[in-house]
Structures are given as C-alpha cells and as structure tokens.
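# Working through the structure, step by step
Here is what each chain is made of, one letter per residue.
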Amino acid sequence: MTEKTSEGLTERLVSGDRRALARVISLIEREDPAARDIVAAVYPKTGNAITIGFTGPPGVGKSSIIARLIKLYRDEGKRVAIVSVDPSSPFSRGAILGDRIRLTDHFLDPGVFIRSMGSRGHLGGLAGGSRLAAMAMEAAGFDVVLYETVGVGQGEVEVASAAETVVLALQPGSGDAVQALKAGVMEIADVFCVNKADHPQAGNQKTQVRQMLEIGHELTPDPWMPPIVLTRGDNGEGVAELKAEIERHRDYLFESGELENRRRESLKQFVVGWATARLQKEMQERLEREDEGLMERVYRREIDPIAASERIYHEV
C-alpha cells in the first residue's frame, strides 16, 4: 500500500467511513505494515469511548445480553462498536462468526459496527489485534466499544486490561461461579451478571456469588463492591439494570480517579504485551532459521537446551 493510499484510508476512517474501518481492521489482522502508520495517525483521536468487556463461559448467553444492551445505547443515540473474539476455524484460522449471527438485528444499523476476530490460538481471551481494532473504532467516532471474549477460563483476565468496566456473565446451576473463582476471573469483574434469571437456581447462584465476593472483600477491602444483576437475554429482563450498574461503575471510576489509573495501566500492559509478542515472534523465526544447525547440536548433546535458548535470546 502506497503512502498516499494509506493517508486516504486514514482520512476516510476518521470521517466515519465504515468500509475504511473494515479495511483498516483487516490490515491490522494481517499485520500489514500500513496498519502501523494508520494507528499512529489516528491514536491521538482515541481515548474517549466507553469500553466494556464481557467475559464468561461459552453458552452463558453473552451475545444475547450484548444485543439487548446495544439497543439501549442506540436508543440514546450512541454509536456502538463490538469486537467479538470467536474461536478460530482449525482450517482457515479465521473467526467462525457465531456472534455475528446472533447480532443480526443490529447488522444493518449504520450506528452499529460488528467485527468478529479469530482468537488464532491467542490464550488471553482476546485476539492479538483486538486492542488496535478497538482504537480504530474509536477513531471512527464510535461512542461505546464492547469486547466479547472467547470463553477460555483463566486467560480471560486479559480483558481487564482492555476494558474500563468488566462484566462477568454466569449461568445458574452450572458451577460457573466456582470455576470463575478458581480461574481468577472473579477478581477482575466489576459487575456480575447471572443470566437466564428464570432458571430455578438463579437466586441461589446470586447468593453464592455474593458470599464469595464478601469473603474476598474481607481479605482485600475495596471501595467498589461489584453488584450482581439477574438478566434474561431472551426477553431483555434486567438488561436495563445491568446498563445502569455499568454506568454507576464508570461514575465511580471518574469520581475516585481510578479511571485515569486504569487507562495508564492498560496502555502499559498493551505496550509490554506487544513488545513481548514481537520478541517471541522474532525468536521463533530465528529458531526456525537456526534449527538445522543449532537444534542438531542440541539433539547430539553438544549443547544443552538452556544454552541454545540463551544464544537465540542474545542474538535477537
């Protein structure tokens, strides 16, 4: 891509052109060199959107809740963008697009932009380029950016570094709360959502989560006690209350000054994470180039694995 074409794409993106936004995200996913220049150009225009992360086990109904939440934001005139991280196809390595199917009610709405991204084996619950995609969405003028993560358990704590408010969705009678506690996901959730409120065990699930939170609060006191909302994604029951709790959390972040701290920590983690990924990629490529010689020496016990690793590390 020429520099002139890149500049034109950047201008179209900033003006709110949806096709330009889709193309920029595709460049980001392909790790095209042009994406770096575009991100650099639009970065000063980011940082004002409301960012919300939805995480939780597969099948809990995250997409159904998000669809209802989108409608509430659209009723207020807000433009909403969604980064939906799907499991990757084992054949094409692309997203399976399940969440885009469930969000069809909003697909033709010009004020809603939905992008499914394949996780491509990324263990953090978010696709590697999802943060950059969200930045592009902000630059395109979207007021709210929603992240929906793959339900992968412990790795989903990464969503906390991307979103200012994290919603953990749980399902009654499935032991999700205990599993979430083991995985450490409960520690990063700002709002809890027990979906499928019509389930006989919904009330018990809410009580169980509250007890766990109270125990944790006694051990590590925090000014913010996460609320627990009962919802139904099928008919929208409780979703307005969920939205109100998300907004209450954002007000708390503003008033306490925690919003600034979260944003700083988020950017720090992103920079370190990006550098680490680049280093890992470089080392992997170096190992593949050196494999015939270096690894052969390891196989022959002429050099130990740690020494081989150190050699690649220092060369990179």
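Okay, so let's go over this structure. (Residues numbered from 1 in each chain as written. Predicted model: local features only at pLDDT ≥ 70, side-chain atom pairs only at ≥ 80, totals over all residues. Heavy atoms only, no water.)

### Some remarks on the pattern of salt bridges
Inspection of every chain in the model, using the stated rule, returns 17 salt bridges. Between Asp 109 and Arg 74 there is a salt bridge, with the nearest N and O atoms lying 2.9 Å from each other. Here Asp 109, found in the loop between helix H5 (98-102) and strand S3 (112-118), pairs with Arg 74, found in helix H4 (residues 62-75); they are 35 residues apart in sequence, far enough to count as distant. Put simply, Arg 262 and Asp 190 hold a salt bridge, and the shortest N to O gap is 2.8 Å. Remark: Asp 190 occurs in the loop between helix H7 (176-183) and strand S6 (191-194) and Arg 262 occurs in helix H10 (residues 258-299); sequence separation between them is 72 residues. One connected set of salt bridges, linked through shared partners, spans Glu 76, Lys 78, Lys 243 and Glu 247. (Salt bridge = Lys/Arg side-chain N within 4 Å of Asp/Glu carboxyl O. Helix = DSSP H or I, 4+ residues; strand = E, 2+ residues; numbered from the N terminus.)

### A few points about helix H3 (residues 33-42)
Along H3, the residues that are buried comprise Ala 34, Ala 35, Ile 38, Val 39 and Val 42. Buried residues along H3 cover an arc of 135° about the axis, so they all sit on one side. For H3, the exposed residues set more than 90 degrees away from the buried face come down to Pro 33, Arg 36, Asp 37 and Ala 40. Put simply, Asp 32 is the residue that caps the front of H3, since its side-chain oxygen is 2.8 Å from the backbone nitrogen of Ala 34. (Buried < 20%, exposed > 50% of the residue type's maximum accessible area, 1.4 Å probe, protein only. Arc of directions from axis to C-beta. Polar contact = N/O pair within 3.5 Å; in protein donor to acceptor, adjacent residues only side chain to side chain.)

### A closer look at the nonpolar core
Counting 35 residues, the largest nonpolar core has Leu 13, Leu 21 and Met 137 as its most contacted members. Among the secondary structure elements, those contributing two or more residues to this core are helix H1 (3-14), helix H2 (18-30), H3, strand S2 (80-86), S3, helix H6 (130-139) and strand S4 (144-148). Those residues in contact with Met 137 that sit more than four places away from it in its chain are Leu 21, Ile 25, Ala 81, Ile 82, Val 83, Phe 113, Arg 115, Phe 142 and Val 145. (Core = buried A, V, L, I, M, F, W, Y, C linked by side-chain atoms within 4.5 Å. Contact = heavy atoms within 4.5 Å.)

### A word on the side chain of Arg 131
Along the chain, the position of Arg 131 falls in helix H6. We note that Arg 131 is buried and unpaired, the nearest opposite charge coming from Glu 138 at a distance of 7.6 Å. (Lys, Arg positive; Asp, Glu negative; His and termini not counted.)

Function cannot be inferred from these measures alone, as they are strictly geometric.
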